[in-house]
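So you can see what is in the structure, the chains are spelled out below.
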Amino acid sequence: MSRIMVIDDDHDILRYCDTVLSAQGHEVVLRSDAQLAIDTLKNHAVDLLIVDVVMPLMSGYDFLKEIRRQKLSQAPVLMLTRKNTPKDVTLALELGATDYMVKPFDRDVFSSKIESILGSTKTSPEVKFAAGSTASKAILSVPAMVVGITEMGLTLRTLNYVERNVRIGIDSQVFQEIGIVCPALRTVSCRPIEGDSEYQYEVFVSFVGLDEAAMKKIRRWISGRAISMRKVS
Amino acid sequence: MDLGARDFNAKSELIMKSSEKEMAALIKIYVCELPAKAAEIQQAAETAIHQLGKRETPRWAVLESLVHKLAGSAGTYGFYAISTLARTLEDRISNGSFAKIPPDEQALELRGWLESFLTVARKTATDGESVNKEAA
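Note that the structure is a prediction, hence the values are computed from the model and not measured.

## Remarks on the overall build of chain A
Looking only at helices and strands, one finds seven helices and 11 strands in chain A. Within the span of chain A, comprising 233 residues, buried residues form 36% of the whole. In chain A, 63% of the contacts between residues at least 6 apart in sequence involve partners at least 24 apart.

Rendered as structure tokens:
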């Protein structure tokens, strides 16, 4: 069981999250404004923060900056918001959010995301680069193959081991076929495989910040065909 | 199957059933509260229409905030038609395209939107979760 704090000024969303997360066996703390959440975090640790972006007194982005500045919590953060432009997703990730979901959201996808984030929480020490520092910028390009796709994410095969909870991007023909722009991706798991002469690891990456329209296109695409193996270009 | 596994499966099934019951109850509450939300949006929209008629600039932030919340929550609870309608107006206001058309056209469009919205909201409040749900 984990302790999860949900911060949203919409009581319908708070009730919804409470019901879903409690059913998963988690202890849920609900806060309807970001300042109240900050006050609570001063005395109570949580394992995961679920944060709305658009709130009247303090935005979710400012909340993120504040908790990191005051070192109130290093818990992973799932942004849960109606804002769905790539710029919003990028900003949230740059501010330290772990994952991003667009409202309205699907209950099963939400539950799976929660479990995948909690399962991948880092406990080891980490050196953090200052936001925007030149040294922290990097593009890693490695050969990989898409072997499966679900509405949650992609299964890839690669030569390289990838840590959990790493944000990656891929260039694949599959997104053009589905009719969506390649979304941000977060690694959920990476396991060694046997019997593949070309690749050594199978990596599951979760979609980050997909809205319902994109999810629908993926569902339709999946239901419309058997998944075939596609080379990442 | 050993007894332990059977016990675990039975427990999982029980948890799932109780979760489904809680979710159904939650959706009922949402439907019950929908008329109040619709009335609040109606009031904000009619105030804006009235202000547009007097050549005043409406305070869009109130209406935008209300439809923003509804767009997120209605779709999450499975009421996609309301969510889509709310999102349409929210996008028109937030991206500035609504403000670019003349006030009388804004009023006309807003009135049309309000009629569609109230029709869908009333139907949802009457028929509950059986309508309005779009196939995933």
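So much for the structure itself; the text now carries on.
## Looking at the confidence of the model for chain A
The predicted model of chain A averages 86 in pLDDT, with 87% of residues at 70 or higher. Every residue in residues 120-125 of chain A is under pLDDT 50, and counting partners more than four places away or in other chains gives six contacts.

## Section: unusual backbone geometry
With an omega of -5 degrees, the peptide bond running from A:Lys103 to A:Pro104 counts as cis. With respect to the helices, strands and loops of the structure, A:Pro104 is situated in the loop between strand E5 (99-102) and helix H5 (107-119). Of note, the phi angle at A:Asn165 is positive, near 65 degrees, even though the residue is not glycine. Looking at the element boundaries, A:Asn165 is found in the loop between strand E7 (153-158) and strand E8 (167-168). A residue is classified by how many C-beta atoms lie within 10 Å of it, and A:Asn165, with 18 of them, is partly exposed. The phi dihedral of B:Arg55 is positive, around 60 degrees, even though this residue is not glycine. Assignment of secondary structure puts B:Arg55 in the loop between helix H1 (3-53) and helix H2 (60-76).

## Quick notes on helix H7 (residues 212-224) of chain A
Every α-helix carries 3.6 residues per turn, so stepping three or four residues along brings you back to the same face. When the terminal C-alpha atoms of H7(A) are compared, their 18 Å separation across 13 residues agrees well with the 18 Å that a helix rising 1.5 Å per residue should span. Three or more residues of H7(A) are buried, namely A:Glu212, A:Ala214, A:Met215 and A:Ile218. For H7(A), the angular spread of buried residues about the axis comes to 160 degrees, placing them on one side. Turned more than 90 degrees away from the buried face of H7(A) sit A:Ser223 and A:Gly224, all of them exposed. Buried residues along H7(A) sit against E5 and helix H6 (173-178) of chain A together with H2 of chain B.

## Side note on the pairing of strand E1 (residues 3-7) of chain A
All names here are of chain A. Across the five residues that make up E1, a large majority, four, are buried. Bridge analysis of E1 against strand E2 (residues 27-31) gives five bridges, and the strand direction is parallel. Counterpart to Ile4 in the pairing with E2 is Val28. In the classification by handedness, the crossover that spans E1, the intervening helix H1 (residues 11-23) and the parallel E2 is right-handed. In this structure, E1 lies alongside strand E3 (residues 48-51), joined through four bridges in parallel fashion. Within E3, the position partnered with Val6 by the bridge is Ile50.

What counts and how
Starting afresh in each chain, residues are numbered from 1 along the sequence in its written order. Lettering for chains starts from A, numbering for ligands starts from 1, and both go in the order in which the items are written. Totals for whole chains, interfaces and linings use all residues, but because this is a predicted model, local features are given only for residues with pLDDT of at least 70 and pairs of side-chain atoms are given and counted only at 80 or more. In this text, helices come from DSSP runs of H or I with a minimum length of four residues, and strands from runs of E with a minimum of two, each type numbered from the N-terminal end. Residues with at least 20 neighbouring C-beta atoms inside 10 Å of their own are called buried, those with 12 or fewer are called exposed, and the rest are partly exposed, where every C-beta is derived from the backbone. Note on contacts: residues are paired as contacts if their backbone-placed C-beta atoms lie within 7 Å. Each residue carries a pLDDT score, the predictor's own confidence in it, on a scale running from 0 to 100. A helix is expected to span 1.5 Å multiplied by its residue count minus one. The directions from the helix axis to the C-beta atoms form the arc being described. Pairs of strands are assigned from DSSP output, requiring at least two bridges between the strands. Looking down the strands as they point away from the viewer, one classifies a crossover as right-handed if the path from the first strand across the helix to the second runs clockwise.

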